Every structure is written in structure tokens, then in C-alpha cells.
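Read off the chains here:
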Amino acid sequence: MTALHNTKPFLVLCLIILLTASGQVMGAEEPAEEPPEEAAEESVKRTGTLVLAADVFELNLDFDTTIDIFGETRFFSSRHNKYVGGRLIVHMAEDVNKTFFIAPFIGIVWGKSSFLMNWEEPGLLSFDPLESSISTFSWPIGVDLNFNLGGFLRISPYASAKMMFLRMSMDVSDETYSDTAMKLGFDAGVKVSLGVGNFAITGGAGLTHILNGEIDFDLEDLKFESQTSGSSPEYFLGVEF
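Residues numbered from 1 in each chain as written. Predicted model: local features only at pLDDT ≥ 70, side-chain atom pairs only at ≥ 80, totals over all residues. Heavy atoms only, no water.

Our focus in this paragraph is the overall build of the protein chain. When helices and strands are counted, the protein chain shows 2 helices and 13 strands. For the protein chain, the residues scored as buried account for 38% of the 241 residues in total. In the protein chain, the share of contacts with a sequence separation of at least 24, taken over all contacts with a separation of at least 6, comes to 68%. Here the protein chain displays about 13,800 Å² of accessible surface, and carbon together with sulfur accounts for 60% of that area. (Helix = DSSP H or I, 4+ residues; strand = E, 2+ residues; numbered from the N terminus. Buried < 20%, exposed > 50% of the residue type's maximum accessible area, 1.4 Å probe, protein only. Contact = heavy atoms within 4.5 Å. Areas by Shrake-Rupley, 256 points an atom, 1.4 Å probe, with all protein chains shown as cover.)

This is the structure in C-alpha cells:
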């Protein structure tokens, strides 16, 4: 069962590679006859789009670890809060006027979540929670499958692999301690765009799976262990040019 679970991200990656290869093959096909210049300009509206959107990444990551600080001290997280981050993605396509087309994309996504780090000496004493947070930065590379409906609505399922940087920060006595971990993630979801003149209102949702969900952060030689609890939801809303 464990082996099957571990192969799921690699199956997603294989899907991305296959879809990208399909897009390259479609792009490599040459027409039998070169269309007139006016007809070509009419059929090819643009060669790519830029998505600028607000993004909420709900990182499902929890801490529960025991550290020896003059005796056993347990740390565990609670009261997670989500913040609005951002999404800047470039989608590349040869003809966005087709009913169906494949477009690779690349970009950057950032966000933040805060939480309380509770700590106690089990069975003896509890202390005031510490303000903590995790900032996320990721670089997704993937493809989306685009379906144009009615000339103004576009539905785009997507999948990508992304390099992720997670920076944990914790405030202790007016001082901030931090550490960064690098992980590989895979995500899949759907984007919907509604055309409004020369741009479109776009929004979507997806799930991100972090490969090897056990993440350790070292703060001042203290090792804080965390574990993802399933895939992390992500939502975004913005404009597409």
C-alpha cells in the first residue's frame, strides 16, 4: 500500500511529460498550404497569456515534536490562519482561438500561513504559545488543457511539478528565529476564465501534494519536526491578459 502511494506523484509527472510532448508535436505540424496573411492574423489572436491573481495556499502542515530542553519539552501547533499571497503565471499557446489547445506554463506563486506553537513540559507545566508562521515560495512548471466554450468561457484543467521553499519563522522574546526547507511538489486543478474585452477574469482551485511530507526545521540547533496531513488546497482569483 505504501509503495502504491509513493508512486502517485511520479505518475502525475509522467502525465505532465506526455502532455508537454503532445503539445510539442501539435506545434510542430505544418499546414499543407500557407494561409493568407489576413486569415492568419484573424485565426491567431495571441501567442500567450499572463495570469496575475491573488492566491490562498492552505498548507496542511502540523508540528508535534519533543525536544530535550533541560528536560522533555513538547511542541505542537494549533490555530492555523491563512493569508492572501500572489500568483504570476505565463501560459504559452500558439492559437488561443481553437476550441481545444494545450498550453505549457511557468511562473511563481507565494503565500503564508501563521499558527501558534504550543509548548509544555508534559504533565508538569504549560507555557504561553509562540507566534509562528510558514512562508511558501514555489516555481510551478506544467501544462493545461484548454476548452473554449462560446467564445468567452475557457475551462482549463492543469497539472504541474513545482520546486517549493518553505520558510518557518518563530518569535521568542522579541527575537525571530527562522529556517528554510526545500521540497518538491505536484499539483493538479482547474482554471476557469471569463472573457471581458481585452482581458479575462480568471479563477481556479487545485490540490498540492508535497513529496515526502516529513519536513524538519532547525532553529538555533533545535529540531522541529512537522508532517503534512494530506494534500494542501489552493485557490486563486485574478485577471488574465
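Mapped onto the elements of the fold, Thr228 is located in strand S12 (residues 222–228). Ignoring any residue separated from it by four or fewer positions in sequence, one finds Thr228 in contact with Asn60, Leu61, Ile210, Gly213 and Ile215.

Now for the nonpolar core. Within the largest apolar cluster, 20 residues are counted, with the highest numbers of intra-cluster contacts made by Phe63, Met117, Ile134, Met168, Phe217 and Phe224. Taken together, the elements giving at least two residues each to this core come down to strand S2 (61–68), strand S5 (100–121), strand S7 (130–149), strand S8 (153–172) and strand S11 (214–219). Looking at this core element by element, the count peaks at 4 residues for S8. Setting aside residues no more than four positions away along its own chain, Phe217 makes contact with Leu61, Phe63, Ile134, Leu166, Met168, Asp179, Ala181, Leu222, Lys223, Phe224 and Ser226. Grouped together as the second largest cluster of nonpolar side chains are 7 residues, Ile89, Phe105, Tyr158 and Phe236 included. (Core = buried A, V, L, I, M, F, W, Y, C linked by side-chain atoms within 4.5 Å.)

What follows is about the side chain of Asp55. By secondary structure assignment, the location of Asp55 is in strand S1 (residues 48–57). The buried category is assigned to Asp55, whose relative accessible area is 0%. Within the local environment of Asp55, its side chain forms a polar contact with the side chain of Arg87, the two groups lying 3.1 Å apart. If sequence neighbours within four positions are ignored, Asp55 has contacts with Tyr83, Val84, Gly85, Gly86, Arg87, Val109, Glu234, Tyr235 and Phe236. (Polar contact = N/O pair within 3.5 Å; in protein donor to acceptor, adjacent residues only side chain to side chain.)

Attention shifts here to a negative patch on the surface. Together, Glu131, Asp171, Asp174, Glu175, Asp218, Glu220 and Asp221 make up a negatively charged patch on the protein surface. On the secondary structure map, Asp171 appears in strand S8. (Patch = residues over 30% accessible without salt bridge, like charges linked within 9 Å, V, L, I, M, F, W, Y side chains within 5 Å. Salt bridge = Lys/Arg side-chain N within 4 Å of Asp/Glu carboxyl O. Lys, Arg positive; Asp, Glu negative; His and termini not counted. Charge placed at Lys NZ, Arg CZ, Asp CG, Glu CD.)

Turning our attention to the pattern of salt bridges. All chains considered together, the criterion is met by 9 salt bridges. With a closest N to O distance of 3.6 Å, Arg74 and Glu120 form a salt bridge. On the criterion of sequence distance, the pair formed by Arg74 in strand S3 (residues 72–82) and Glu120 in strand S5 is long-range, its members being 46 residues apart. For Arg74, a relative accessible area of 27% corresponds to the partly exposed category. The buried category is assigned to Glu120, whose relative accessible area is 18%. We note a salt bridge from Glu234 to Lys162, for which the minimum N-O separation is 3.5 Å. One end of the pair, Glu234, is in strand S13 (residues 232–240); the other, Lys162, is in strand S8, with 72 residues separating them in the sequence.

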